[in-house]
Amino acid sequence: MSCVWLTRSALAATKHPTSCCSAAEIVSVLFFNTMKYKADDPGNINNDRFVLSKGHAAPILYAAWAEAGFLKESDLLNLRKIDSDLEGHPTPKLPFVDVATGSLGQGLGASCGMAYTGKYFDKASYRVYCLLGDGESSEGAVWEAMAFASHYKLDNLVAIFDVNRLGQSEAAPLQHKTDVYKKRCEAFGWNTYVVDGHDVAELCCTLWQAAQVKDKPTAIIAKTYKGKGIAGVENEDNWHGKPMPKDKVESIIKEIQNQIQTNKKLSPQPPVEDAPEISISDIKMQSPNYKIGDKIATRKAYGVALSKLGQANSHVVALDGDTKNSTFSETFKNAHPDRYIECFIAEQNMVSVAMGCATRNRTVAFASTFAAFLSRAYDHIRMGAISQSNVNLCGSHCGVSIGEDGPSQMALEDIAMFRAVPTCTVFYPSDGVSTEHAVFLAANTKGICFIRTSRPDTAVIYSPEEKFEVGQAKVVRQSDSDRVTVIGAGVTLHEALAAADELAKQGMNIRVIDPFTIKPLDAATIISSGRATGGHIITVEDHYKEGGIGEAVAAAVAGQPGFIVQSLAVHGVPRSGKPSELLDMFGISAKSIVEAVKSTFAN
Ligand SMILES: Cc1ncc(C[n+]2csc(CCOP(=O)(O)OP(=O)(O)O)c2C)c(N)n1
Ligand SMILES: *[C@@H]1O[C@H](CO)[C@@H](O)[C@H](O)[C@H]1NC(C)=O
Ligand SMILES: *[C@@H]1O[C@H](CO)[C@@H](O)[C@H](O)[C@H]1NC(C)=O
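These figures come from a predicted structure and were not determined experimentally.

Caption draft 1: Local environment of the sheet that holds strand β9 (residues 364-370). With mixed pairing, the 7 strands of this open sheet are ordered in space as β8-β7-β9-β10-β12-β11-β17. Only two strands of the sheet have a single partner each, and these edge strands are β8 (340-342) and β17 (517-519). With direction set aside, neighbouring strand axes in the sheet form an average angle of 20 degrees. As paired strands, strand β7 (residues 316-320) and β9 are joined by 5 bridges and run parallel to one another. Looking at the pairing, V316 lines up with V364 of β9.

Shown next, in the form of structure tokens:
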């Protein structure tokens, strides 16, 4: 079946023919026996999902969709070319790809999110199939997903391990020890089969059996050979990621064609059409319930906002990694228990699951944990951008202002990290009202959204009627005689306001700006304020200098003549202490702002 086109395109251009050959029968059986889908409408909400976690085998995926009739066979010859969507690894530029793969170990987590959504939110018949490499299964994230899937009884999920013995530079650690894989999968609570991955009849039968099993996900350990069907290459070292030698291509194609037993045209079975039509766009918010001067931590306001969002749209879902009573996603859980997914202490998997939930516009997903712990999921977040994911992430407990818990819990790199993600909007709300807007705007904003929340209680500074937009800063304090523009966010905005009060008593006025989103940054407001204050700007942030607000502002005003940006930021490794002591120690308190402003005045 697909082998011919697979091989022809693979031999012509791909770096990974041997990784495709081991999976040829698996993919053929999935696409033309097991899976139910509309070949002419790959993104249909009712279709079974397929995730190629071993993304480097992309040519076999493209070959399958060509065999199904969605791609033209001639398209395959454009593999990896600059003007073709058939890239080296699959991305959702192609409507049959839900999440980008290629960074190994991430496909099963996303598959878990899709399967959870299918079973518990959509309550639909579609099933989810994920193909992994054996080398890939050394990734810890695979086993986070394995634990998740059995805990939630995802019987609509099948993981197929293509155990072809070899990795990239040498054999995978377990080689062909399929019994060890089986024990591991069973220990993780999966219904598990070991099969000959080149036996079409056995694969058909096993995949049928998997669909009869209730309350457990199914793992299929497929014993295969890398480079199967190519003499001199099959099961040999040193062929990973290598095209076949040019002078051998014709004979290899002939060799593979000779192995094809039938040229019968096969078509997939249609899906059961029982996934509900839903709308997740244009979610409206009611005005916030805070009064100016109320004290509430933005992390707490996040929970309130998320439950209101959940009320406004029934496809909003929340995830957390066992920190729900710290991030306050618990408030959402209490209001909408059926739409909360506890992901336990597995942040990489949580991010992948959230992305899986958000595929095909099935949900508006918000995943939260301490912002510090999102850094261990950075590769997953990065892949989320390539996946065109609309997932929303909330990181609480940012900065030294968390206090006594000490540096392991303090996020001081998260702004830098999220600013560097190409599709990401970075919200940094400073009070209850702006937090509520951040949550509603995130729900309605494409791409990845990150909301940075803080632990300490802070005063509400905006009236419930205040309007917020992505990329629109607020000038929160101004007069005609301002000499310096101070930009703060979160706790440091409140420090800046306290500094403004103190300085005003001494006859010195400053302008204070709340950027609201750090990316996109409202350069126009910052530049016009900076110009009104003689080009003097001071940024103050509970984050490291590198990649933080100061550098974002410096970049925004670069090229403006006469501007000077001074950055007050955390440096070095902090320690435990009272929040106020730490703000002083790291030079980001009102006191430090007053000093910095005074020295600017003195110059
Ligand atoms: C996270 C990550 N690490 C390393 C690589 C580089 N890489 C690509 S394929 C591969 C070997 C994969 O082996 P396996 O999962 O067994 O797949 P197969 O043998 O089927 O090609 C490696 C190391 C990668 N793509 N992603
Ligand atoms: C979270 O809940 C647990 C169990 O009730 C409790 O022991 C813990 O102190 C709570 N944590 C926070 C930060 O409130
Ligand atoms: C999701 O909906 C948006 C419209 O809000 C649309 O542009 C997009 O293509 C949809 N994505 C998928 C994968 O269906």
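Caption draft 2: View of the site of ligand 1. For ligand 1, the set of nearby residues contains 17 residues, the closest of which are S19, K54, H56, D134 and G135. Within the backbone of E136, a nitrogen or oxygen atom sits 2.8 Å from an oxygen atom of ligand 1. The contact in question runs from an oxygen atom of ligand 1 to an N or O atom on the side chain of N164, over 2.9 Å. For ligand 1, whose unbound accessible area comes to 590 Å², protein coverage reaches 77%. Here the shell around ligand 1 is composed, by residue class, of 2 nonpolar, 10 polar and 5 charged.

Caption draft 3: Unusual backbone geometry, seen in detail. The step from K519 to P520 runs through a cis peptide bond, and the omega angle for that step is -5 degrees. Structurally, the position occupied by P520 is in the loop between β17 and α19 (523-532). If you check the backbone angles, K123 has positive phi at about 50 degrees while not being a glycine. Summarising the element assignment, K123 is placed in the loop between α5 (107-121) and β2 (128-133). Residue K123 is classed as exposed on the basis of its relative accessible area of 63%. Notably, N235 is not glycine yet its phi reads approximately 60 degrees, a positive angle. Of note, N235 is situated in the loop between β5 (218-223) and α9 (249-259). Under the relative-accessibility criterion, N235 is labelled partly exposed at 25%.

Caption draft 4: View of the nonpolar core. By size, the foremost hydrophobic cluster in this structure holds 76 residues, and its most contacted members are L108, F161, L319, I381 and L393. With 42 residues, the next largest nonpolar core counts V29, L52, I60 and Y129 among its residues.

Caption draft 5: Region of the structure containing helix α15 (residues 378-386). When we look at burial in α15, the residues that qualify are H380, I381, M383, G384 and A385. On its buried face, α15 is in contact with α6 (140-151), α13 (347-358), α14 (371-374), β10 (392-396) and α16 (414-419).

Caption draft 6: Quick look at the side chain of R299. With respect to the helices and strands, R299 occurs in helix α10 (residues 298-312). At 2.9 Å, the side chain of R299 forms a polar contact with the backbone oxygen of S326. Setting aside anything within four residues of it in sequence, one finds R299 in contact with S326, T327, F328, S396, H397, T453, S454 and R455.

Caption draft 7: The pattern of salt bridges, seen in detail. Applying the stated criterion to the full structure yields 18 salt bridges. Across the pair K308 and E436 runs a salt bridge, and its minimum N-O distance is 2.5 Å. Taken together, the residues span a long stretch of sequence, with K308 in helix α10 and E436 in helix α17 (residues 432-443) at a distance of 128 residues. The class of E436 is buried, set by a relative accessible area of 1%.

Caption draft 8: Quick peek at the environment of T262. If you trace the backbone, T262 turns up in the loop between α9 and β6 (295-297). Assessed through its relative accessible area of 45%, T262 is described here as partly exposed. Polar side-chain contacts of T262 include one of 2.9 Å to the backbone nitrogen of K264.

Caption draft 9: Region of interest: the UniProt feature "domain: Transketolase-like pyrimidine-binding" (unreviewed entry) in the chain. Following the UniProt record, the feature "domain: Transketolase-like pyrimidine-binding" (unreviewed entry) maps to residues 296-460 here. The span residues 296-460 is 42% helical and 19% strand by assignment, and the distance between its end C-alpha atoms comes to 7 Å.

Caption draft 10: Representation of the packing of aromatic side chains within the structure. Overall, the coordinates contain 20 aromatic pairs when judged by the stated rule. With 6.4 Å between their ring centres and 65 degrees between their planes, Y62 and F96 make a pair best called edge-to-face. Here Y62 is found in helix α4 (residues 58-67), whereas its partner F96 is found in the loop between α4 and α5, with 34 residues between them in sequence. Each member of the pair Y62 and F96 is classed as buried.

Caption draft 11: The arrangement of the pairing of β10 in detail. Among the 5 residues that make up β10, 5 are buried, leaving the element largely enclosed by the rest of the structure. Because side chains alternate across β10, one face comprises the buried residues N392, C394 and S396, and the other comprises L393 and G395, equally buried.

Caption draft 12: Structural context of the packing of α13 against α15. Their axes nearest at 8 Å, the elements α13 and α15 cross at an angle of 20 degrees. Between α13 and α15, the interaxial angle falls into the category roughly parallel. Two packed elements cross with a definite hand, and for α13 against α15 that hand is right-handed. Counted together, Q348, V351, S352 and M355 of α13 and H380, I381 and G384 of α15 form the full contact between these two elements. Residue composition of the contact of α13 with α15, by class: 3 nonpolar, 4 polar and no charged.

Parameters at a glance
- Residues numbered from 1 in each chain as written.
- Chains lettered and ligands numbered in written order.
- Predicted model: local features only at pLDDT ≥ 70, side-chain atom pairs only at ≥ 80, totals over all residues.
- Heavy atoms only, no water.
- Pairing = 2+ DSSP bridges.
- Helix = DSSP H or I, 4+ residues; strand = E, 2+ residues; numbered from the N terminus.
- Axes fitted to C-alpha atoms, helices over the stretch in contact; angles between N-to-C directions.
- Near = heavy atom within 4 Å.
- Polar contact = N/O pair within 3.5 Å; in protein donor to acceptor, adjacent residues only side chain to side chain.
- Areas by Shrake-Rupley, 256 points an atom, 1.4 Å probe, with all protein chains shown as cover.
- Nonpolar A, V, L, I, M, F, W, Y, C, P; charged D, E, K, R; others polar.
- Buried < 20%, exposed > 50% of the residue type's maximum accessible area, 1.4 Å probe, protein only.
- Core = buried A, V, L, I, M, F, W, Y, C linked by side-chain atoms within 4.5 Å.
- Contact = heavy atoms within 4.5 Å.
- Salt bridge = Lys/Arg side-chain N within 4 Å of Asp/Glu carboxyl O.
- UniProt positions renumbered as here; feature names shortened; annotations may be inferred.
- Phe/Tyr/Trp six-rings, centres within 6.5 Å; stacked < 30°, edge-to-face > 60°.
- Parallel < 35°, antiparallel > 145°, perpendicular 65-115°, else oblique.
- Left-handed = near helix turned anticlockwise from the far one by under 90°.

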